[in-house]
Amino acid sequence: MADTTLMTIPGQVDPVSVPRDITPRGDGRVDLMGLPRPRIRELLAEAGLDARQAKLRAKQLFHWIYHRGATDFDAMTDIAKAMRPWLAERFVIGRPNVVEAQHSSDGTRKWLLQTEDGHDFEMVFIPDADRGTLCISSQVGCTLNCTFCHTGTMRLVRNLTPGEIVGQVMLARDALGEWPKGKMDFADEESEAHYTADGRLLTNIVLMGMGEPLYNFDHVRDAMNLVMDGDGLALSKRRITLSTSGVVPMMDRCGKEIGVNLAVSLHAVTKPVRDEIVPLNRKYGIEELLQACADYPGASNARRITFEYVMLKDTNDSDEDARELVRLLKKFDLPAKVNLIPFNPWPGSAYECSTPERIRAFSNIVFEGGISAPVRTPRGRDIDAACGQLKTAARKKSRAERDREAEETERQQRETAQAPV
Ligand code: SAH
Ligand code: SF4
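Criteria and thresholds
- Residues numbered from 1 in each chain as written.
- Chains lettered and ligands numbered in written order.
- Predicted model: local features only at pLDDT ≥ 70, side-chain atom pairs only at ≥ 80, totals over all residues.
- Heavy atoms only, no water.
- Near = heavy atom within 4 Å.
- Polar contact = N/O pair within 3.5 Å; in protein donor to acceptor, adjacent residues only side chain to side chain.
- Areas by Shrake-Rupley, 256 points an atom, 1.4 Å probe, with all protein chains shown as cover.
- Helix = DSSP H or I, 4+ residues; strand = E, 2+ residues; numbered from the N terminus.
- Nonpolar A, V, L, I, M, F, W, Y, C, P; charged D, E, K, R; others polar.
- 1 Å grid on protein atoms, 1.4 Å probe; cavity = no way out; pocket = protein on both sides within 12 Å on 5 of 7 lines; lining within 4 Å.
- Points joined across faces, edges and corners; volume = space filled by probe spheres on them.
- Phe/Tyr/Trp six-rings, centres within 6.5 Å; stacked < 30°, edge-to-face > 60°.
- Buried < 20%, exposed > 50% of the residue type's maximum accessible area, 1.4 Å probe, protein only.
- Lys NZ or Arg CZ within 6 Å of the ring centre and 35° of its normal.
- Patch = residues over 30% accessible without salt bridge, like charges linked within 9 Å, V, L, I, M, F, W, Y side chains within 5 Å.
- Salt bridge = Lys/Arg side-chain N within 4 Å of Asp/Glu carboxyl O.
- Lys, Arg positive; Asp, Glu negative; His and termini not counted.
- Charge placed at Lys NZ, Arg CZ, Asp CG, Glu CD.
- Expected span 1.5 Å × (residues − 1).
- Contact = heavy atoms within 4.5 Å.
- Axes fitted to C-alpha atoms, helices over the stretch in contact; angles between N-to-C directions.
- Parallel < 35°, antiparallel > 145°, perpendicular 65-115°, else oblique.
- Left-handed = near helix turned anticlockwise from the far one by under 90°.
- Pairing = 2+ DSSP bridges.
- Right-handed = clockwise from strand over helix to strand, strands pointing away.

Draft legend 1. Local environment of the site of ligand 1. Neighbouring residues of ligand 1: 21 residues in total, closest Phe148, Gly211, Ser243, Ser265 and His267. Contacts to ligand 1 include Gly211, whose backbone N or O atom sits 2.9 Å from a nitrogen atom. One nitrogen or oxygen atom from the side chain of Ser265 is found 2.6 Å from an oxygen atom belonging to ligand 1. Coverage of ligand 1 by the protein amounts to 96% of the 520 Å² it exposes when considered alone. At the level of elements, strand E10 (240-244), strand E12 (305-311) and strand E13 (336-342) are the ones that each hand at least two residues to the shell around ligand 1. Of the residues contributing to the shell around ligand 1, the split by class is ten nonpolar, nine polar and two charged.

Draft legend 2. Region of the structure containing empty space enclosed by the protein. Scanning all chains against the criterion turns up one cavity of 30 Å³ or more. Of the pockets and cavities examined, the largest cavity occupies roughly 40 Å³. Val260, Asn261, Leu262, Tyr296, Pro297, Gly298, Ala299, Arg303, Arg304 and Ile305 together form the lining of the largest cavity.

Draft legend 3. How the structure looks around the site of ligand 2. Surveying the vicinity of ligand 2 reveals the residues Cys142, Leu144, Cys146, Cys149, Gly152, Gly211 and Ser245. Across the shell around ligand 2, the residue classes tally to four nonpolar, three polar and no charged.

Draft legend 4. Representation of the packing of aromatic side chains. For the structure on display, the rule yields three aromatic pairs. Ring geometry for Phe62 versus Tyr66: centroids 4.8 Å apart, planes at 50 degrees, classification tilted. Separated by four residues within a single helix, Phe62 and Tyr66 lie in helix H2 (residues 51-68), roughly one turn from each other. For Phe62, a relative accessible area of 1% gives the class buried. Taking the relative accessible area as the measure of exposure, Tyr66 reaches 0% and is therefore buried. Sitting above the plane of the Phe62 ring, Arg37 keeps its charged end 4.1 Å from the centroid. Arg68 extends its terminal NZ or CZ atom over the ring of Trp64, reaching a point 5.5 Å from the ring centre.

Draft legend 5. Quick peek at a positive patch on the surface. Taken together, the side chains of Arg131, Arg239, Arg304 and Lys337 define a basic patch exposed on the protein surface. Within the secondary structure layout, Arg304 lies in the loop between helix H9 (286-294) and E12.

Draft legend 6. Region of interest: the pattern of salt bridges. A full pass over the atoms with the stated rule returns 24 salt bridges. Its salt-bridge partner being Glu257, residue Arg221 comes within 2.8 Å of it at the nearest N-O pair. With Arg221 in helix H6 (residues 217-228) and Glu257 in helix H7 (residues 248-258), this pair connects stretches of sequence that are 36 residues apart. Taking the relative accessible area as the measure of exposure, Glu257 reaches 30% and is therefore partly exposed. Here Arg358 and Asp319 are joined by a salt bridge, their closest N and O atoms 2.7 Å apart.

Draft legend 7. Spatial organisation of H2. For H2, with 18 residues, the first-to-last C-alpha span of 25 Å sits near the 26 Å given by 1.5 Å per residue. Every buried residue belonging to H2 is among Gln53, Ala54, Arg57, Ala58, Gln60, Leu61, Phe62, Trp64, Ile65, Tyr66 and Arg68, and all of these are buried. Lining the buried residues of H2 we find helix H1 (37-46), helix H3 (83-90), helix H4 (162-176) and H6. Of the residues trailing H2, Gly69 is marked for its positive phi of about 75 degrees.

Draft legend 8. Molecular detail of the environment of Thr241. You can see Thr241 is positioned in strand E10. Here the alpha-carbon distance between Thr241 and Ile305, two residues 64 residues apart in the chain, equals 9.5 Å. Leave out the neighbours within four places in its chain, and Thr241 touches Ile205, Val206, Leu207, Met208, Asn261, Leu262 and Ala263.

Draft legend 9. Region of interest: the side chain of Asp31. Within the secondary structure, Asp31 is located in strand E1 (residues 30-31). Polar side-chain contacts of Asp31 include one of 3.0 Å to the backbone nitrogen of Met33. A distance of 2.8 Å separates a polar atom in the side chain of Asp31 from the backbone nitrogen of Gly94.

Draft legend 10. Looking closely at the packing of H1 against H2. Their axes nearest at 8 Å, the elements H1 and H2 cross at an angle of 130 degrees. With respect to each other, H1 and H2 are oriented oblique. The crossing of H1 and H2 is right-handed. Between H1 and H2, the contacting residues are Arg37, Ile40, Arg41, Leu44 and Ala45 on the first element and Ala54, Lys55, Arg57, Ala58, Lys59, Leu61 and Phe62 on the second. Tallied by class, residues from the contact of H1 with H2 come to seven nonpolar, no polar and five charged.

Draft legend 11. Representation of the pairing of strand E11 (residues 261-265). Burial analysis of E11 places five of its five residues in the buried class, the great majority of the element. Going residue by residue along E11, you find Asn261, Ala263 and Ser265 tucked away on one face and Leu262 and Val264 tucked away on the opposite face as well. When E10 meets E11, the two strands line up parallel, connected through four bridges. Paired with Ser243 across the strands is Ala263, a residue of E11. After leaving E10, the chain enters H7 and then returns to the sheet as E11, a path that is right-handed. Sheet topology note: the E11/E12 ladder contains three bridges and is parallel. Residue pairing across strands places Val264 opposite Phe307, the latter belonging to E12.

Spelled out as structure tokens, the structure:
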């Protein structure tokens, strides 16, 4: 399958369009996950249903898939019994494959996932007292090379499809036991026993996992439209935040066609520093980026734009930087809040996190300038789930560890065998 093989992307590029709504499968069946209703209807008609039937069944399937979280056609009790095997022969309702699930001591959960064609990516769930935030990926790897970001050390393997993006939300709901329970779908007592919510519910989504979402615009838009569809997952656009490193030409479309909250990875206020740490700045500079933020459809004092600012010791964390940040945000009259992110280290990273005193001083200056600047508490650091730590080396690591362990066991066995009794 040509379009699933590795793509070589020459440095900074504009949006790579890889039109593929269907995730290819070895068994020839079509995965309905990620397809909008009209596409499901079209596929049903192509498989032989008449127009009226195709429309009705598409509506029912959509409801079962996105509202109820069904993955088995047999559970779809309002679809004729004889029709269910017919559907199962032709279609599946997939989820990303789970390679590994990890729990942090602070309650954060990280999943290492895999696409049908064998590429690893990650998703993180962050429970809080009043909300549960799911951090999802939009690409396997990233074309951009922000110097402080672990994902940036990976090359872009490929864009995730709408099904793989919305599939992360579905999987999280499965794991949290969050599907509404109807009389019809879990009929027997036994299956009810598995249906337990762990009390931490998914209320918010952030596109802050692996990848640059605005370089996979069409797929991210289609996936978010499914997440927001009132007949399906029905999450409000106010509870979804898309983070971009500053792909200026796509920001207007993001506001108009997706309409979610915007977060911008600003991270520096001078050209030399931002050029270095967010190389995309060489293409779309700070002023151009802030103008695009000022023009962002839907931004208002009630819906502020979040400016993410990673705290890197002796790089971008001086009092002067803080004052310049305030000046810039005011100059463009931005409805802004600043999110200070303590740098999360990763093996081989060239930066250190600013000291807590420096972060506090920086935050105070921005706050005194009239802009809220909370410090983001790092979550899930012990399982490398915190911002910028995502990189899918976990499988490689664990395999290497397994090999080492196997060697060690062998060595011990040899020694035991040789030891005098
Ligand atoms: N590509 C998008 C979204 C994913 S990154 C973007 O860059 O905005 C989510 C956030 O984590 C971004 O603000 C990113 O700059 C930040 N980040 C990356 N590496 C980090 C690290 N090591 N420590 C703290 N934050 C980091
Ligand atoms: Fe890509 Fe965002 Fe990491 Fe930059 S910070 S390399 S844009 S994932």
